[in-house]
Amino acid sequence: MVCTGPAFPGSIAGTSRATTWPNVGWTLGVTTDDGRKLAFKVFSDDDHLDRLEKLIEQGAAEEIKLLPEQAEVPTLPDLSAAESARGAAAAQRFLPSDWRTSEEIAAAHMRALGFADAELTGGSRDGGLDVVARAGVAQVKMQAQPVGAPQVQQLRGTRPHSPHHLFYSTSGYTTAARETAAEIGVYLFTIGRDGTVSPVGDAAADLAETGVHDPDAVRAVTARQIVHQYCQTVGDRITAAINAIDSSSPRHTGRYPGHPDRARRYLLQAVNNLLEAPGSFESLRSAAVYYHHTELLAHVWFREMGVPYPDGEHLRHEPDTLDSFYN
């Protein structure tokens, strides 16, 4: 319920907790820009009175789920624009100094071939596989003797329905291994001492020449990179904006008592969001939305205090209020 009329005598703005009736939580008096005085009564159940008191005194920075878009805050990244062309990743050159580096060479080589989402399986060893992707799997061997036919057969038997099976060896292959690979459809590659990857046999040579076309994997990887970069940029932009606030600027008094403190809580909540960001999100979009909302929270302080975002160098206009957000 909102009551209009003379506000508290001699007061530009003020609050008081009601004691005459349990369901009247707060009354608030304000003076508008054109001199009108308004008085508000806020009703709430007893169980919610403390929460209501906190919202009125401190603002909704911890509660608010949606803020209007602002011209100074970049929009969410367009994940639908993720590129789908082959070769999104370039091959990297490492020296195969140990088994782990050899696996990294193989993964980088697969990504360059078009297996955009190729990743190492890590210490868990996914059924003997060292590198996995949507369109292919690989095994990597760093041993003194050439790889034999049984090892090649074992790879083919792991995830038999995978479109491509690649084998990488630092010691080459026996004749039997090459013949077996040609029969069962395994692509053989060698890793040289300088990290150069070379195909062994016609099938591997053809794969090295044409690569694979998996646009869905490329889009997924590109989208992940876009969101990761966006989230990093948001954090950097907020941090830079806070650091750029000139301490010599005119004192931010706000437009009513408590205005700077209430606005400041939005900025603090944004910083807390960055420090306490979830370790994992349900989706790439949820991660982007979380960071975008965090930046809008930070922008509230700059908007209300009249400080330009994100450069924040000096006061350029009169402090604003949240009223215009909801016109």
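Everything quoted here is computed from the prediction, not taken from an experiment.

In this section: the confidence of the model for the protein chain. Chain-level pLDDT for the protein chain is 78 on average; 69% of the residues reach the 70-or-more range. The model gives residues 84-90 a pLDDT under 50, and that stretch makes 19 contacts with residues more than four places away or in other chains.

Structurally, the position occupied by Thr 294 is in helix H8 (residues 284-305). According to the relative accessible area criterion, Thr 294 is buried, its value standing at 0%. Among the polar contacts made by the side chain of Thr 294, one reaches the side chain of Asn 273 at a distance of 3.2 Å. Each residue touching Thr 294, except ones within four places of it in the same chain, is listed here: Ile 238, Ala 270, Asn 273 and Leu 274.

As a further point, take the sheet that holds strand E5 (residues 119-120). Strand order in this open sheet of 6 strands is E5-E6-E7-E8-E9-E10, and the pairing throughout is mixed. Both edges of this open sheet fall to E5 and strand E10 (197-200), since each of them pairs with a single strand only. Two elements, strand E6 (residues 131-133) and strand E7 (residues 136-141), share 3 bridges in a ladder whose sense is antiparallel. Bridging from a neighbouring strand, Val 132 pairs with Val 137 of E7.

Before going further, it helps to spend a moment on the pairing of E10. Sheet topology places strand E9 (residues 187-191) next to E10; 4 bridges connect them, and they run antiparallel. Counted as the bridge partner of Thr 190 is Ser 198 from E10. The hairpin turn running from E9 into E10, its antiparallel successor, is 5 residues long, and Gly 195 in that turn takes a positive phi close to 90°.

Over its 15 residues, helix H2 (residues 99-113) extends 21 Å from the first C-alpha to the last, a length consistent with the 21 Å expected when each residue adds 1.5 Å. Listed as buried for H2 are Thr 101, Ser 102, Glu 103, Ile 105, Ala 106, Ala 107, Ala 108, His 109, Met 110 and Leu 113. Structurally, the start of H2 carries an N-cap: the backbone nitrogen of Arg 100 is 3.3 Å from a side-chain oxygen of Asp 98. At the C-terminal side of H2, Gly 114 shows a positive phi close to 120°.

Membership of the largest hydrophobic core comes to 24 residues, with the highest contact counts inside it found for Tyr 230, Trp 301, Phe 302 and Tyr 309. Those elements that provide at least two residues to this core are helix H6 (215-244), helix H7 (259-275) and H8. With 10 residues, H8 is the largest single contributor of residues to this core. Not counting residues up to four positions away in its chain, the partners in contact with Tyr 230 are Pro 74, Thr 75, Leu 76, Pro 77, Ala 288, Tyr 291 and His 292. Residues Ala 138, Phe 189, Ile 191 and Ala 204 belong to the second largest nonpolar core, which totals 20 residues.

Analysis parameters
- Residues numbered from 1 in each chain as written.
- Predicted model: local features only at pLDDT ≥ 70, side-chain atom pairs only at ≥ 80, totals over all residues.
- Heavy atoms only, no water.
- pLDDT = per-residue confidence, 0-100.
- Contact = heavy atoms within 4.5 Å.
- Helix = DSSP H or I, 4+ residues; strand = E, 2+ residues; numbered from the N terminus.
- Buried < 20%, exposed > 50% of the residue type's maximum accessible area, 1.4 Å probe, protein only.
- Polar contact = N/O pair within 3.5 Å; in protein donor to acceptor, adjacent residues only side chain to side chain.
- Pairing = 2+ DSSP bridges.
- Expected span 1.5 Å × (residues − 1).
- Core = buried A, V, L, I, M, F, W, Y, C linked by side-chain atoms within 4.5 Å.

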